[in-house]
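Here is how the chains run, residue by residue.
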Amino acid sequence: SMKKALFSAMVMISCVALFSGCIKSGANITTIDPSMTASIGTYNFTASTVVPSTIDTQWQEPLIKDSLKDLIITGNSADLVFTHDKIVLGLSHYKGRTGNYSIVRSEAGAIYFHNGVASYATSGIVAVTRITSNSIIGYFNFGTFDGISVTNGTFNVARPDAIPF
């Protein structure tokens, strides 16, 4: 069952990354200082843009009346060589609260895209530490199935208008 949950989380994040047309983007919503940084070995990842999106997941659980949303945060690299690198974080059934979201328990998911290769997280955490009137702020750390360690991750992203707080 753990493998099935992990696989489900990876499929969710993959669908978001591949089919971004299915998501509602919050690109025109601004935050004071959008950012995403992380350490990957000796490499320092810095995002040039940080985009919040939501996916309505109610269709997966039709008996639940409340609208369920997954929050997706995409940090697109500012690197001049690896211009398509990005880190994608996902929070399952996000309800606009602070807290720690476990990748192992499928409460969160993460992918590091480097040079066209997707490295899916198998362990780690995504934490929301602060929510303001226009921002979601937090940190993340994760290890991938292919041995990449993403540490000291931080994010500050605009609150997408699709989430009813």
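Counting restarts for each chain, with residues numbered from 1 along the sequence as it is written. Local features in a predicted model are, by the rule used here, given only for residues with pLDDT of at least 70; side-chain atom pairs are given and counted only at 80 or more, and totals for whole chains, interfaces and linings are based on all residues. Water and hydrogen atoms were dropped before computing side-chain values, which therefore reflect all heavy atoms in the structure.

## What about the overall build of the protein?
Then step 1. Across its full length, the protein holds one helix and 10 strands.
Then step 2. Note on classification: 1.4 Å probe, protein chains only; a residue is buried when its accessible area is under 20% of the maximum for its type, exposed when over 50%, partly exposed between these limits. For the protein, the proportion of its 165 residues judged to be buried stands at 44%.
Then step 3. Counted over contacts in the protein with a minimum sequence separation of 6, partners at least 24 positions apart contribute 55%.
Then step 4. Carbon and sulfur atoms provide 57% of the accessible area of the protein, an area that totals close to 8,600 Å². By definition, any uninterrupted DSSP run of H or I lasting at least four residues is a helix, any uninterrupted run of E lasting at least two residues is a strand, and each is numbered from the N terminus. Note on definitions: a residue-residue contact is assigned when non-hydrogen atoms from the two residues lie within 4.5 Å. Accessible surface is estimated by sampling points in the Shrake-Rupley manner with a 1.4 Å probe; for residues, cover comes only from the protein chains shown.

## Details of the pairing of strand β3 (residues 43–56)
Then step 1. Two elements, strand β2 (residues 35–40) and β3, share four bridges in a ladder whose sense is antiparallel. Paired with Ser-39 across the two strands is Asn-44, which belongs to β3.
Then step 2. The turn linking β2 back onto β3 is made up of two residues, and Gly-41 within it adopts a positive phi angle of 65 degrees.
Then step 3. Criterion used throughout: strands pair if DSSP finds at least two bridges between them. Relative to strand β4 (residues 69–77), β3 runs antiparallel, the two being bridged by nine bridges. Residue pairing across strands places Pro-52 opposite Ile-73, the latter belonging to β4.

## Observations regarding the side chain of Ser-102
Then step 1. Along the polypeptide, Ser-102 turns up in strand β6 (residues 99–102).
Then step 2. If we skip the residues at most four places from it in the chain, Ser-102 touches Glu-107, Ala-108 and Gly-124.

## Quick look at the nonpolar core
Then step 1. By size, the foremost hydrophobic cluster in this structure holds 26 residues, and its most contacted members are Met-36, Ile-87, Leu-89, Phe-140, Phe-142 and Phe-155.
Then step 2. Elements with a minimum of two residues in this core: β2, β3, β4, β5 (86–91), β7 (108–114), β8 (117–131), β9 (135–144) and β10 (149–158).
Then step 3. If near-sequence neighbours (up to four positions away) are discounted, Phe-142 is found in contact with Ile-87, Leu-89, Ile-103, Ala-110, Ile-111, Tyr-112, Ala-121, Ser-123, Gly-124, Ile-148, Ser-149 and Val-150.
Then step 4. In terms of nonpolar packing, the next biggest core, distinct from the first, is built from six residues, Ile-55, Ile-72, Val-88 and Ile-111 among them. What makes a nonpolar core is a set of buried Ala, Val, Leu, Ile, Met, Phe, Trp, Tyr and Cys residues whose side-chain atoms join them at distances within 4.5 Å.

## Here's the deal with the confidence of the model for the protein
Then step 1. Confidence of the predictor at the level of single residues is captured by pLDDT, which takes values from 0 to 100. When pLDDT is averaged along the protein, the result is 81, and 70% of the positions lie at 70 or above.
Then step 2. Low confidence marks residues 16–29, where pLDDT is under 50. Its contacts with residues over four positions away, or in another chain, come to 21 contacts.

## Concerning unusual backbone geometry
Then step 1. Of note, the phi angle at Ser-106 is positive, near 65 degrees, even though the residue is not glycine.
Then step 2. For Ser-106, the position within the fold is in the loop between β6 and β7.

## Some details on the packing of aromatic side chains
Then step 1. Stacked, tilted and edge-to-face are the three classes assigned to paired rings of Phe, Tyr and Trp, where Trp is represented by its six-membered ring and a pair needs centres within 6.5 Å; plane angles under 30 degrees give stacked, over 60 edge-to-face, the rest tilted. Tallied over the entire structure, the rule returns four aromatic pairs.
Then step 2. Through successive ring pairs, a cluster of aromatic residues spans Phe-140, Phe-142 and Phe-155.

## What to know about the pattern of salt bridges
Then step 1. Here, a salt bridge means any Lys or Arg side-chain nitrogen found within 4 Å of an Asp or Glu carboxyl oxygen. A full pass over the atoms with the stated rule returns one salt bridge.
Then step 2. Residues Glu-107 and Arg-105 are paired through a salt bridge, measuring 3.1 Å at the closest nitrogen-oxygen approach.
Then step 3. We classify Glu-107 as partly exposed; its relative accessible area is 26%.
Then step 4. Residue Arg-105 is classed as exposed on the basis of its relative accessible area, which comes to 56%.

## Observations concerning the environment of Asp-146
Then step 1. Its location among the elements puts Asp-146 in the loop between β9 and β10.
Then step 2. Using a relative accessible area of 37% as the deciding quantity, one classes Asp-146 as partly exposed.
Then step 3. Each C-alpha atom of the pair Asp-146 and Ser-119 lies 6.5 Å from the other, and the pair is 27 residues apart in sequence.
Then step 4. Any pair of nitrogen or oxygen atoms within 3.5 Å is treated as a polar contact; in protein, a donor-acceptor pairing is required on top of that, and neighbouring residues in sequence qualify only through side-chain atoms on both sides. Here Ser-119 takes part through its side chain, which lies 2.7 Å from a polar atom of the side chain of Asp-146.

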